[in-house]
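Single-letter residue listing:
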Amino acid sequence: MDTQHYAAKQHLHKYRQALLRILSDVTDRPLRARSIFDPTVSYTVGWEEVGVLALTVWELSALEPARFDAHPQWEAAANETIRFLSEHCAGCGRRLTALTGRLCPTCLVTLDAPMRHRLYTSIVVRQIEAYIADLTDSSADDTGMDHP
């Protein structure tokens, strides 16, 4: 197995475990999921699943703010997860040279068309693109540039 791919799966596992623990603590219900290391779980499926978990944490925090306030690390875990996903290819886990929230050049041509379409239209990619746009706008604000 490619060590970079394995390391990326380890990161997905770490983020998923943190998000599941937060959701379990907040809802008082145990949550279980297949292991990301299960051979039937592709990196792409794990990438998307972890992204959905991070978005779920954000959505639930708006509905149950008191429960989330009692669990202060939720925001850092969700933010760190989205940051990781925006910096790594959704197809293979390689670190991207620019924040894109999508695919590296290799996966762009090797993933089948339905999977590419799914990734390009998924809620996770749309939210990551919004996150990147927000970062870009914040960076422009930090440099003193005006926005129209």
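For the structure, check the block above.
Calculation criteria
Residues numbered from 1 in each chain as written. Predicted model: local features only at pLDDT ≥ 70, side-chain atom pairs only at ≥ 80, totals over all residues. Heavy atoms only, no water. Phe/Tyr/Trp six-rings, centres within 6.5 Å; stacked < 30°, edge-to-face > 60°. Helix = DSSP H or I, 4+ residues; strand = E, 2+ residues; numbered from the N terminus. Buried < 20%, exposed > 50% of the residue type's maximum accessible area, 1.4 Å probe, protein only. Expected span 1.5 Å × (residues − 1).

Draft legend 1. Representation of the packing of aromatic side chains. Inspection of every chain in the model, using the stated rule, returns three aromatic pairs. Taken together, a centroid distance of 4.8 Å and an interplanar angle of 80° make the contact between Trp-58 and Trp-74 edge-to-face. Of this pair, Trp-58 sits in helix α2 (residues 43-63) while Trp-74 sits in helix α4 (residues 74-87); the two residues are 16 residues apart in sequence, bridging distant segments of the chain. Under the relative-accessibility criterion, Trp-58 is labelled partly exposed at 32%. Given a relative accessible area of 11%, Trp-74 falls into the buried group. By way of ring pairs, the aromatic residues Trp-58, Phe-68 and Trp-74 are connected into one cluster.

Draft legend 2. Structural context of unusual backbone geometry. A positive phi angle, close to 60°, is found at Asp-28, a residue other than glycine. Relative to the helices and strands, Asp-28 is located in the loop between α1 (3-27) and α2. A relative accessible area of 63% places Asp-28 in the exposed class.

Draft legend 3. Broad picture of α4. For α4, built from 14 residues, the straight-helix expectation of 20 Å at 1.5 Å per residue is met to within 8% by its first-to-last C-alpha distance of 20 Å. Among all positions of α4, only Trp-74, Ala-77, Ala-78, Thr-81, Ile-82, Phe-84, Leu-85, Ser-86 and Glu-87 are buried.

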